[in-house]
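# Examination of the molecular architecture
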Amino acid sequence: MRVAVLGTGRIGKMHAENIVKHDRTALAAVFDINRESADALAQQFGVTSAASPQEIFAADDVDAILVATATHTHADFIEQSVAAGKPVLCEKPIDLSLERVNACAQKVKGAGVPIQIGFNRRFDPGHKAARDAAHGGEIGALHQVLITSRDPEMPPRSYYETAGGIMRDMTIHDFDLARYMLGESPVEVFATASRLIDPAMMSEIDDHDTVMIIMTCADGKQCHINNSRTATYGYDQRVELMGSTGMLISDNVSPTQVRRYGKKNANASEPYLYFFIERYEAAFAAEIDAFVDAVAAGTEPSPSFEDGRQALILAEAAYRSLAEKRAVRVEEIA
């Protein structure tokens, strides 16, 4: 499968490298509004640096599209990929506006062109193994899902100014992971958020850096999500599944599993892998594999477009909960 990459920033470069490494894909072309960045990546891999996205959509030697551009372009590029009949793997979120996502859904409905959304954490080996074990009955009836996701440090202000808010940008991954782990969508959301790390900047841009969310399913299953923009000890990524007969934990990852013991400490380990590209390296590779499998089999990819829409619905419910200081029924949003 000949795949073109739109967007050659940090995550676009990583995707391009994974496409080159994959035994069933080839990098066909790249595009970025920053021509210097696109040209450098194209030269590295000996492919075309397209002058425009439209050149890629019209190219006969491009079979599929990977979208890793700025969020506000995602829905447009999904629509253009579908119109060109090219399967598309698009980074999250589909858009920051639920109205725009719903309009996009109507435009691509029934086209039969595969659309996969880049919620890569579903493909993390630990997360997937824990989920499969839980749904296989290993811990009896699933009662609770606890998701911890904390960044190692604050991104620059320029990032926040276009990210759309922590729950549409950061927690969106956890909303999807919650649905994946629970096996269904919650029906009620309660959120609380604070400005504890950088109160001045967070107040100026009307965002938050510290979040907790409680979600409940129709049958009473619960999910707790906690986010922080700064964890001094590294990129903290954990999932705990509690059931009627046991518990499963998908834990953090360190460069090695060595533990050190001495007079000053016990069970000391190396810092966690620094950030998302390192921590989820295997997941990003498996994500490409799943996309290729779905396209080859003619099946709907997972996570699907609808999975992306549902995650944003949960984010909007969380923001309404935060504003109105109450638990919000998801049906109020959807």
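What comes next is a walk through the structure. As a convention, each chain's residues are numbered from 1 in the sequence order in which they are written. Local features in a predicted model are, by the rule used here, given only for residues with pLDDT of at least 70; side-chain atom pairs are given and counted only at 80 or more, and totals for whole chains, interfaces and linings are based on all residues. Calculated side-chain values reflect all of the structure's heavy atoms, with hydrogen atoms and water omitted.

Turning our eyes to something else, we now look at the nonpolar core. Most often, soluble globular proteins have nonpolar side chains that are buried together. The biggest cluster of nonpolar side chains holds 70 residues, and the ones touching the most others in it are Ile78, Met167, Phe175, Ile213 and Leu241. Among the elements that take part in this core, helix 13 (residues 305–324) stands out by supplying 10 residues, more than any other. Excluding anything up to four places from it in sequence, Phe175 contacts Met167, Ile213, Met215, Ile225, Ala311, Leu314, Ala315 and Ala318. Listed in part, the 27 residues of the second largest apolar core include Met14, Val47, Phe275 and Val292. Side-chain atoms within 4.5 Å link the members of a nonpolar core, which is a set of buried Ala, Val, Leu, Ile, Met, Phe, Trp, Tyr and Cys residues. Accessibility here uses a 1.4 Å probe with only protein chains present; expressed as a share of the type maximum, an area under 20% marks a residue as buried, one over 50% as exposed, and anything in between as partly exposed. The secondary structure listing takes helices from DSSP runs of H or I that are at least 4 residues long and strands from runs of E that are at least 2 residues long, numbered from the N terminus. Working rule for contacts: check all heavy atoms of both residues, and any pair within 4.5 Å makes them a contact.

Before going further, it helps to examine the sheet that holds strand 9 (residues 210–216). Think of a sheet as strands paired side by side through backbone hydrogen bonds, with each pair either parallel or antiparallel. As summarised here, the arrangement of the 7 strands in space is 12-11-7-10-9-8-13, forming an open sheet in which the pairing is mixed. What marks the edges here is a single partner per strand, and that holds for strand 12 (247–250) and strand 13 (328–329). Each pair of strands is called paired provided DSSP finds at least two bridges between the two strands. With 4 bridges joining them, strand 11 (residues 236–243) and strand 12 adopt antiparallel strand pairing. What sits directly across from Leu241, in strand 12, is Leu248. Strand contacts of helix 6 (residues 125–135): strand 11 and strand 12, with the helix running at about 165° to strand 12, the strand carrying the most contacts. To obtain an axis, a line is fitted to C-alpha atoms, over the contacting stretch when the element is a helix, and the angle between two such axes runs from 0 to 180 degrees between their N-to-C directions. Sheet contacts for helix 13: strand 8 (188–194), strand 9 and strand 13; angle to strand 8, the most-contacted strand, approximately 60°.

What follows is about the sheet that holds strand 1 (residues 2–6). A sheet is described by the order of its strands in space; here 6 strands give the open sequence 3-2-1-4-5-6, paired in parallel fashion. Each edge of the open sheet is held by one strand with a lone partner, namely strand 3 (48–49) and strand 6 (115–118). Judged from the 3 bridges that link them, strand 4 (residues 64–67) and strand 5 (residues 88–91) form a sheet pairing that is parallel. Within strand 5, the position partnered with Leu66 by the bridge is Leu89.

Turning our eyes to something else, we now look at the pattern of salt bridges. Counted as salt bridges are all cases of a side-chain nitrogen of Lys or Arg within 4 Å of a carboxyl oxygen of Asp or Glu. Scanning the model with the defined rule gives 29 salt bridges in all. Put simply, Arg121 and Asp174 hold a salt bridge, and the shortest N to O gap is 3.3 Å. Here Asp174 lies in helix 9 (residues 171–182) and Arg121 lies in the loop between strand 6 and helix 6, a separation of 53 residues in the sequence. The salt bridge partner of Arg309 is Glu306, with a shortest N-O separation of 2.9 Å. Here Glu306 and Arg309 lie together in helix 13, a separation of 3 residues that amounts to about one turn. Accessibility expressed as a relative area gives 17% for Arg309, which makes it buried. In this structure Glu306 comes out as partly exposed when scored by relative accessible area, which is 34%. Taken together, the shared-partner salt bridges in this structure form one network comprising Asp76, Glu79, Arg100 and Lys107.

Remember that the coordinates give geometry; whether it matters functionally is a separate question.
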